[in-house]
Each structure stands twice: as structure tokens, then as C-alpha cells.
Amino acid sequence: MSENALPCDKPLPALTGLYGEFYAWCRDRELRFQRCTGCGRYRHVPREICAHCSSMEWEWARSSGRGTVFTWTEVVRALHPAFAAATPYAPVVVEMEEGVRLLSQVVDCVPGELAIGMPVEVDFQPVSDAVTLPIFRRAAAAR
Amino acid sequence: MFKDKACIVGIGETPFCRKPGSGLSEMGIQLKAAVAALEDAGLKAAQIDGILPFPNVGKAEAFAASLGCENLRFAATLHMGGAAPVGSLRMAAMAVSSGAADYMMVPGGWNGYSGARVRETAANDVNSIPGGEIARDFYMPFGLTAPPQWYALMARRHMHEYGTTEEQLGAVALAMRKHAQLNPAALMHGKPLTMADYLASPTIASPYRLLDCCVETDGAAAFIVTTVERARDLRQKPVYIMGAAAGQPYPADEITNRADFHRTGLTNAAPEAFRMAGVTPADADFAQIYDCFTFEVIQQLEEAGFCKRGEGGAFVEHGGIELGGRLPVNTHGGLLSQAHVLGIAHVVEAVRQLRGEAGARQVPDAEIGVVTGWGDFGDGSIAVLRR
Ligand SMILES: [Zn+2]
């Protein structure tokens, strides 16, 4: 990334296949994960088959939206030009009550306040007409 | 099983540089290293009948045509990022010990400084990002776009669970830099480093500072593997491959949902390699550990069994991984202070040590050495070598 790189749009999900279905739910402001109807396990990222029981039957099960911070990093120097103006920001891994983890950001908290174990809950951030990202805020009780 | 059936008989390396760049194409710079390895071994290019190129920097067909390898019969590329060179060392041993090929060339190199920078290519080419569409759709929209950020997530969690400190990460950076002062070919030769310098360096992706990160480099290296029988007629004293293995984390294509967050490819590969070799980590006189970032050294020392999980921080402190310490690590200065040539230089340095040709940084009477590779989202490879 050169110092005078032109602003460029942030990368967005391609909205294809099962990943696209995940984001279609987000656009409806619902966080849903695949749940295997064979063994009941949740999974993320979306996959065609359950790695535990090999069942290809599953449903989009609604998440409680609640989780805790599992790990994070504070990006001070952007390594993609689209994020240069966003620094500092913190990609965060959230461990959901359902047991799955996903990568997101906690938007109402500066990176210095992040802590592993911090309770968070999902919210939704439209970033284009087609794409809404699942983001997190500090859980009501922790605010 | 290929234990002690194959050996490394030739090594080659180009100079390492940053500004103004190598002045060569990425194929050109690798060919230069390949020719140096042939010369070192006393082999003709036409004798090379197997080539294992690094991913995305050149195809075997082009190497063969450029060098004059008219009888290429074994070619493959391991898609393991920085774990590929040591994985290819293992594959080369398998190839020559099974008769699939007689002389295997493993080249690797790039214009990692003057060409397309790692940090850009990782973000812009979905086919070259580990995880591919997973990274595109689930990581990059949230600003997780590049290797130090992926691995910082692992480092942070390790610090939380085991109390690993920033100063322990710094101890890795300082050890590599100290070794580079003994290596005139290292980019950081003549540039010593203190803990105060380290702690003052700017944050890139916490806990990683600038000085936790390897040096983007233009450069290349190569090595040649053949059977023990063929090695007898060659120029150099062979370095024997006692054992080697490779492995993947689970899932390998997605970082966040690992039941055991610290299990990497090396976790299962290392015991396999040591078992094959018939030695233990304690028998190693040195280790060249893939050091793209400081924490990856601590993590690999643990997962390879040099210490228990959670004890890597203490292991690297107080000169533990410096020359003269309990396990000298990256005696050439590593990716952090010699040069980042995709991990192949770790193999080259291991061979130099076992030949007794490491000059001022020679580990006295080095007999057994370990070399690892780390790549993508935690793929791992390891080889146990002896003189
Ligand atoms: Zn199932």
C-alpha cells in the first residue's frame, strides 16, 4: 500500500452459495447459523455437510445473538488500503452461546477496552444496498 | 519410510536485498539460486528429474525448460504457504527413496520487497489467500486482511491463557537480530537491537509491533535432494534426512472455529518426524524455526515438543534460543533479521550448520538439527537432519 493510495471500497462478501444465504439473513437483521438436523450441532462457516455425522440435512437456526470476546487484534497500521482511514480498529473473534465462533468487530468499544471474555451481542450494519454485516456491541448488562 | 535414505546434497542462495530490488524477475532470481545449488552439489541441470516449486512463484515446467532439465518426471507444488519448502523437503525424500525421481530440486524465492508486496497480494487475490472465499466473505469485510492480523489473534489468545508477555515476544526478535550480527549476508547485519528499541517500535496489529514482523525481501534459495547412494559420488558431504512430516490444523481453511485453538499442523507432524528419526527434541543441537512473526516461534517450539504448551515464553527468555543457549534458533537471523525467502533459507542454514560451514555463527560440533515450516492458517512441516 503506497502512502498516497486512492481510497478504495472495502471488500465485501460475494453473496454466493451458502455464504450468500448467511448474509441474506443478516440483511433481514437475523444472525443464523447452520444447525445439523442429524446431530443438532451448530456450525460456522457454512458448509455442505456435517463434519461430525456426515448428514447433509440442516436448517438455518436463529442465534441468541449473545456471545463473548474470544480473542482480538488492534489494527493500527492497515494492510489493505480500504481500511487505512478506519485505523485503529479491532477484528474480534466472538464465541457465541451456540458454541460457534465468528470474526467481526465490536463497534461501541475502543480497542483498548476490549477484553477476552467480555459479553457482547449482535447488531447489524448495512454497508451497501445488498450487504449487511453482523457486528457486535457490548452486552446491555456490561455497558 | 525414508529414514536416512535421502539427503541434501546441494544448497544455493542469492544475495538478499530490499531497495532498490533484485533487478531480476521472480523466475530469474530463483534460477540463480537453483544454478548455485547445482554448482554446490556438482550436478548438471540435466540430471534434475524432479522439481517442487513454491506456490505462486513459478511452475515446474518453466524451471525445467529454463534450466535444461530434459527428463522431468516428478513435479508438484505443496499449497502450504511457508510450510511448503520443508514439506517439499519431505516430498523430495519420499520421491528419491521410492525411485520416483533421482535428483529433486526445491527452489523458492521472490521479489518480496520490490515486487507485489505480501500485504497487498494477500488482500487482493482470493486464490492466493489461505481460506480463499472464507477469508473473502467472513474475514476481509471486517478488516482481517493480512498474515500478522491472522496470527495476532492466536498470539493474543496464548498470552491470555498462558501469560506469555510482550517482552517474551521481544526476546525472539532480539535473538534473531543478535544472530544476524554474525551473518554478513543478513539484511539486519550491522543493526543491533535492544529491548527498548523493540518496545518502542510502532504497533502493526497488536500484540505485534513492527519488530515482531519479518523483513520483506527480494531473494531466493534452493536445495537438492537425492539418495544416500547417489550422494556418495557428489561434491559435498551429505546432510541426511532422518525424519520429516507435515500436517494441518483443523479446520485448516478457517481460523476461528478450532476446538483446540493452539493446535497447528506441527502438533501432529513433529511427533511423527521425531519418531521416524528415532531421536527426541532434546537431541537437537539447533533448530531453524519458521519465524514470520515472533509468536510463531514460541508456538512452534511448544507444538514441536521443545517445551510444553504454555512454556514457550519462558523458553525463549534469557538467551534460551540464542547461540550458547539451550537451543540456538535461527542461527542465520531467520525471516525476522536475515531475510524472508519463504523459509527455504532455513533449510540452507541447517545444511550449513551440519556441514560445519556456518562461520562465526557455527553451533560447535552440530550433529542433529531441526527445521520447520509454518504457512497459511497454521499448516506445519518439520524435518530432522543430521550430518
Ligand atoms: Zn451432524
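The following paragraphs examine the structure supplied in this document. This structure is a prediction, so every number in the text was calculated from the model and none was measured.

Let us now look at the coordination of the zinc ion. All names here are of chain A. Looking at the zinc ion, one finds its protein donor set to be C36 (SG), C39 (SG), C50 (SG) and C53 (SG), positioned 2.3 Å from the metal centre. What the four donor atoms of the zinc ion show is an angle range of 98 to 117° at the metal, which sorts the shape as tetrahedral. The sequence pattern formed by the donor residues of the zinc ion is C-x2-C-x10-C-x2-C. Here C39 is found in the loop between β1 (32-36) and β2 (42-43), whereas its partner C53 is found in the loop between β2 and β3 (58-62), with 14 residues between them in sequence.

What follows concerns the sheet that holds β3(A). By way of backbone hydrogen bonds, the strands of a sheet pair with one another, either parallel or antiparallel. All names here are of chain A. Read across the open sheet, the three strands follow the order β2-β1-β3; overall the sheet is antiparallel. Looking along the sheet, the strands with just one partner apiece sit at the ends: β2 and β3. With five bridges joining them, β1 and β3 adopt antiparallel strand pairing. Bridge pairing links R35 to E59 in β3. Strands β1 and β3 of the sheet are contacted by helix α1 (residues 17-27), whose axis makes an angle of about 25° with β3.

Turning to the nonpolar core, a few remarks are in order. All names here are of chain B. L301, F306 and I382 are the most contacted members of the largest nonpolar core, which has 103 residues in total. Of all the elements, helix α7 (residues 166-180) adds the most residues to this core, at seven residues. By size, the runner-up hydrophobic cluster in this structure holds 43 residues, among which are A92, V96, F223 and V225.

Let us look at the interface of chain A and chain B. Interface extent is often summarised as the accessible area lost during association of the parts. On the side of chain B, 37 residues touch chain A, which itself brings 39 residues to the contact. Carbon and sulfur atoms supply 60% of the area that chain A and chain B bury against each other, a total of about 3,400 Å² over both sides. The interface formed by chain A and chain B includes one salt bridge. With its nearest N and O atoms 2.8 Å apart, the salt bridge here joins R47(A) to D253(B). Classifying every residue of the side of chain A that touches chain B gives 27 nonpolar, eight polar and four charged.

Glancing now at unusual backbone geometry. Cis geometry marks the peptide bond from T87(A) to P88(A), where omega comes out at -10°. Tracing the sequence through the fold places P88(A) in the loop between β4 (66-72) and β5 (91-96). With an omega of 5°, the peptide bond running from S206(B) to P207(B) counts as cis. The backbone of R29(A) shows a phi angle near 60°, a positive value even though the residue is not glycine. Residue position: R29(A) is located in the loop between α1 and β1. Taking the relative accessible area as the measure of exposure, R29(A) reaches 44% and is therefore partly exposed. Within the chain, D4(B) stands out as a residue other than glycine whose phi angle is a positive 60°. When you line up the elements, D4(B) lands in the segment before β1 (6-13).

A few words on the pattern of salt bridges. Side chains carrying opposite charge are able to pair once their charged atoms draw close together. What the rule picks out here adds up to 27 salt bridges over all chains. When the shortest N-O distance is used, the salt bridge between R62(A) and E30(A) registers 3.6 Å. Taken together, the residues span a long stretch of sequence, with R62(A) in strand β3 and E30(A) in the loop between α1 and β1 at a distance of 32 residues. Using a relative accessible area of 15% as the deciding quantity, one classes E30(A) as buried. Here E97(A) and R66(A) are joined by a salt bridge, their closest N and O atoms 3.0 Å apart. Taken as a pair, E97(A) in the loop between β5 and β6 (101-105) and R66(A) in strand β4 lie far apart in primary sequence, 31 residues in all. Each of the salt bridges in this network shares a partner with another, and the network as a whole consists of D49(B), R73(B), D102(B) and R230(B).

Cut-off values and rules
Residues numbered from 1 in each chain as written. Chains lettered and ligands numbered in written order. Predicted model: local features only at pLDDT ≥ 70, side-chain atom pairs only at ≥ 80, totals over all residues. Heavy atoms only, no water. Donors = N, O, S within 2.8 Å, 3.2 Å for Na, K, Ca; no water. Tetrahedral: all angles 85-135°; square planar, octahedral: opposite > 155°, others 65-115°. Helix = DSSP H or I, 4+ residues; strand = E, 2+ residues; numbered from the N terminus. Pairing = 2+ DSSP bridges. Contact = heavy atoms within 4.5 Å. Axes fitted to C-alpha atoms, helices over the stretch in contact; angles between N-to-C directions. Core = buried A, V, L, I, M, F, W, Y, C linked by side-chain atoms within 4.5 Å. Buried < 20%, exposed > 50% of the residue type's maximum accessible area, 1.4 Å probe, protein only. Buried area = accessible area lost by both parts, 1.4 Å probe. Salt bridge = Lys/Arg side-chain N within 4 Å of Asp/Glu carboxyl O. Nonpolar A, V, L, I, M, F, W, Y, C, P; charged D, E, K, R; others polar.

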